[in-house]
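# Structural characterization, general
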Amino acid sequence: MTAASPIGPLYDDGLLRITWLPHVTGFRVEGTVDVTSRSGLDAALAAVQQGTADVHVDLSGLEFIDMEGLRLIVRAARDFSEGRLLFLEGVPSYIHTLLNAVNWDDTPGLRCEGMSG
Amino acid sequence: MTTDTPASTTDQPGFLHQGCLYGSDDEFLAAAVPFVTGGLAGGEAVLAATTSANLDLLRDALGQRAHDLDFAEAAYFGRRPPQRVAAFDRYLKAHPTSAGRVRILAESAWVGRSEPEIRAWKQMEARLNLIFADTRIWMICPYDTRILRPEILADAGRTHPSWVIGGDTLPSAVYADPAAFAAGLDGPPLPQPPAAAAELTFAGDLAGLRRFVAGAAAAHGLTGDHAALFVIAAAEAAAYICQDAKATVAIWDRPGAVVCDISQPAGGFADPLPGWWPPEPERPRADDGLWLARQVCERVETRCADGGATIRLHAATRHALA
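Residues numbered from 1 in each chain as written. Chains lettered and ligands numbered in written order. Predicted model: local features only at pLDDT ≥ 70, side-chain atom pairs only at ≥ 80, totals over all residues. Heavy atoms only, no water.

Moving on to the overall build of chain B. The number of helices and strands found in chain B is 10 helices and 12 strands. The C-alpha atoms of chain B give 21 Å as radius of gyration, which agrees with the globular expectation for 322 residues (20 Å, within 12%). In terms of principal-axis extent, the alpha carbons of chain B reach across some 60 × 40 × 40 Å. By the burial criterion, 52% of the 322 residues in chain B qualify as buried. (Helix = DSSP H or I, 4+ residues; strand = E, 2+ residues; numbered from the N terminus. Rg over C-alpha atoms; globule rule 2.2 N^0.38 Å. Buried < 20%, exposed > 50% of the residue type's maximum accessible area, 1.4 Å probe, protein only.)

In structure tokens form, the structure reads like this:
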């Protein structure tokens, strides 16, 4: 991605905005992931599913996510090919609590910034 | 009476859930040591979740073999029943390759608990029989007859299909249907929300629901992560209970907690144990969000009455943290 070929947001419905990260494979998630916006997150995860590089997902701007939104992230990490990792970055502490509450924080392929394992 | 050796008991498929009454250190060890050493000898994962005094007894009795045992102090291994179920599930999933069974010595902390909490722990003991029915867990739950009330010991017989006495296994003559036993301990009907409660009619506007819950929770002193988690719990509860119908959401406070009711005038719960099943990434269940709510709230009550259904969430507000 260069300045000459600006790439717009992956998804933006006013509630949820997903944009590519500039220097690594991955994207930034801002706003709210619920039943009305979940398809945006699903599409972003699908867009990086076929690559080979590790994927970085910046959640620092995530204000709300529901159970099915968490499931999309965890399943994407599980579906990665062997050795490929999904890094969750800027993870708000309430998201740590949620991932721990569903026992999905040690999902193979998932690395959560600030969490052991 | 049947007499099973530990080895033959492990051959039975599915969840094994046994009560064990003990009235002395020697009686505790007579049940615990063969259970633990039998598992360790077979290469099985073995966890002892019991009192610190009993953990010391086990350590001394096992000697070198204690190095292979996982320890947990009962009072901190899940502070409420939903967290205890999650802790069991976590231990099970942490040992996918354990040969044979995953053994757990699981003593609950009963002393000093309120009546509603004691009922909740008894309900959990019953629900474990359903939640873990298809797992490899072999769980023995010790009950200290020196300190526990007779009614707690009697209900252990209703929630455990069998007893361990020394090296023997005896079926419990009073074992009860788990869902029916748990439902029977729900306690009195939930009191109505107070007149001063803030109310919202929810008909699918999730953003509006989140704003309402966040605003009311903040007004009652819930802040930061606690507020974020309470909003998520309420949204999941609303999504589960409402489906396509309207619901009434009410929020009020009581000393030390903010309470949120989500009720639906028509309809019940499709599942007898809503929100008690450990979520699996690949197998979505309609009540997975309620599991989340049970984990992050201080207490979650679910009731069906007069043809309708209510989920009541409690979040602690003025709790000092150590």
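We are not done yet, so read on.
Here the focus is the confidence of the model for chain B. Confidence in the prediction of chain B, expressed as mean pLDDT, is 92, and 95% of residues score 70 or more. The complex prediction reports pTM at 0.93, with the ipTM value standing at 0.90. (pLDDT = per-residue confidence, 0-100.)

Time to look at the interface of chain A and chain B. Of the residues lining the interface, 23 residues belong to chain A; the matching set on chain B comes to 25 residues. Summing both sides of the interface, chain A and chain B together bury roughly 2000 Å²; the carbon and sulfur share of this comes to 58%. In terms of surface lost to chain B, no three residues of chain A exceed Phe 64, Met 67 and Asn 103 of chain A, which account for 27% of the buried area on that side. At the boundary of chain A and chain B, one finds five salt bridges. Salt-bridge contacts for Glu 282 of chain B lead to Arg 78 of chain A; the nearest nitrogen and oxygen are separated by 3.0 Å. Counting across the chain A and chain B interface gives 15 residue pairs in polar contact (both at pLDDT 80 or more). (Contact = heavy atoms within 4.5 Å. Buried area = accessible area lost by both parts, 1.4 Å probe. Salt bridge = Lys/Arg side-chain N within 4 Å of Asp/Glu carboxyl O. Polar contact = N/O pair within 3.5 Å; in protein donor to acceptor, adjacent residues only side chain to side chain.)

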